[in-house]
Amino acid sequence: MPTNRTFTMLKPDAVEKGHIGAILEKINAAGFKIVAMKLTQMTTADAQAFYAIHSERPFFGELVSYMTRGPIVAALLEKDNAVADFRTLIGATNPDEAAEGTIRKLYAASIGENAVHGSDSDANAAIEGAFHFSGRDMF
Ligand code: IDP
Ligand code: MG
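Being a predicted model, the structure only gives us computed values, none of them experimental. (Residues numbered from 1 in each chain as written. Chains lettered and ligands numbered in written order. Predicted model: local features only at pLDDT ≥ 70, side-chain atom pairs only at ≥ 80, totals over all residues. Heavy atoms only, no water.)

Draft legend 1. The arrangement of the pattern of salt bridges in detail. Counted under the stated rule, the structure contains five salt bridges. For Glu16, the salt bridge goes to Arg69, with nearest N and O atoms at 2.7 Å. Taken together, the residues span a long stretch of sequence, with Glu16 in helix α1 (residues 12–16) and Arg69 in the loop between α4 (60–68) and β3 (72–78) at a distance of 53 residues. As a salt-bridge pair, Lys79 and Asp85 come within 2.5 Å of each other at their nearest N and O atoms. On the basis of relative accessible area, Lys79 is assigned to the partly exposed category, the value being 21%. Through salt bridges that share partners, Glu16, Arg69 and Glu113 make up one connected network. (Salt bridge = Lys/Arg side-chain N within 4 Å of Asp/Glu carboxyl O. Helix = DSSP H or I, 4+ residues; strand = E, 2+ residues; numbered from the N terminus. Buried < 20%, exposed > 50% of the residue type's maximum accessible area, 1.4 Å probe, protein only.)

Given below as structure tokens:
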């Protein structure tokens, strides 16, 4: 995958609250092009694998049950400087610390239920994109 791409999930809380359209609007307005997208639901094994780096953290069980409790929107996004610019657009992990106007400030309920995922590096964007999409579903 080219390094001008990042991977996102609109997490179960965002989907439950009907925020898919509003969040996609902000993503488009910020100049990201959607190059893959689907509504899907992660299994427990999926979420444990996706978040394996956090497996020793005290919140891991809570994170896995949250991320599997309902559908998510998985998407690949393209823009110059995609990874860093998308992290800026979503804001800090904890919405109390997120900048005004960021997606997490607007739509996240808490540090755990924080509405959106954004890859933290080009390498992880490629891994996470490949976790959810096959080559023929990436444009
Ligand atoms: P990030 O999503 O901003 O990159 P990470 O530290 O990678 O944040 O954590 C992954 C996800 O784990 C967060 O988005 C959030 O859903 C959850 N999480 C992180 N820290 C906590 C916590 O202290 N309590 C509960 N859940 C957390
Ligand atoms: Mg992270």
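Draft legend 2. Representation of the nonpolar core in the model. Grouped together as the largest cluster of nonpolar side chains are 19 residues, with contacts concentrated most on Leu10, Ile23, Ile27, Phe32, Phe86 and Ile103. Breaking this core down by element, the ones donating at least two residues are α1, α2 (20–29), β3, α5 (82–90) and α6 (103–107). With four residues, α5 is the largest single contributor of residues to this core. The contacts of Leu10, once residues within four sequence positions are left out, are Val15, Ile20, Ile23, Leu24, Ile27, Ile72, Val73, Ala115 and Val116. (Core = buried A, V, L, I, M, F, W, Y, C linked by side-chain atoms within 4.5 Å. Contact = heavy atoms within 4.5 Å.)

Draft legend 3. Molecular detail of the layout of surface pockets. Approximately 730 Å³ is the volume found for the largest pocket. Surrounding the largest pocket, 28 residues form its lining, Lys11, Tyr51, His54, Phe59 and Leu63 being those nearest its centre. Mapped onto the lining of the largest pocket, the elements with two or more residues apiece are α3 (44–50), α4, β4 (116–118) and α7 (122–132). Of all the elements, α7 adds the most residues to the lining of the largest pocket, at four residues. By residue class, the composition of the lining of the largest pocket is twelve nonpolar, eight polar and eight charged. (1 Å grid on protein atoms, 1.4 Å probe; cavity = no way out; pocket = protein on both sides within 12 Å on 5 of 7 lines; lining within 4 Å. Points joined across faces, edges and corners; volume = space filled by probe spheres on them. Nonpolar A, V, L, I, M, F, W, Y, C, P; charged D, E, K, R; others polar.)

Draft legend 4. Up close: the site of ligand 1. The environment of ligand 1 is formed by Lys11, His54, Phe59, Glu62, Leu63, Arg87, Thr93, Arg104, Ile111, Gly112 and Asn114. Between an oxygen atom of ligand 1 and a side-chain N or O atom of Lys11, the distance comes to 2.9 Å. Within the side chain of Arg87, a nitrogen or oxygen atom sits 2.9 Å from an oxygen atom of ligand 1. Of the pockets mapped on this structure, ligand 1 occupies the largest pocket. By residue class, the composition of the shell around ligand 1 is three nonpolar, four polar and four charged. (Near = heavy atom within 4 Å. Polar contact = N/O pair within 3.5 Å; in protein donor to acceptor, adjacent residues only side chain to side chain. Sits in = over half its atoms within 2 Å of the grid points.)

Draft legend 5. Inspection of the side chain of Asp13 at higher detail. Within the fold, Asp13 resides in helix α1. Buried charge without a salt bridge: Asp13, with Lys17 as the nearest opposite-charge side chain at an N-O distance of 4.4 Å. Those residues in contact with Asp13 that lie beyond four places of it in its chain are Tyr66, Arg69, Glu113, Asn114 and Ala115. (Lys, Arg positive; Asp, Glu negative; His and termini not counted.)

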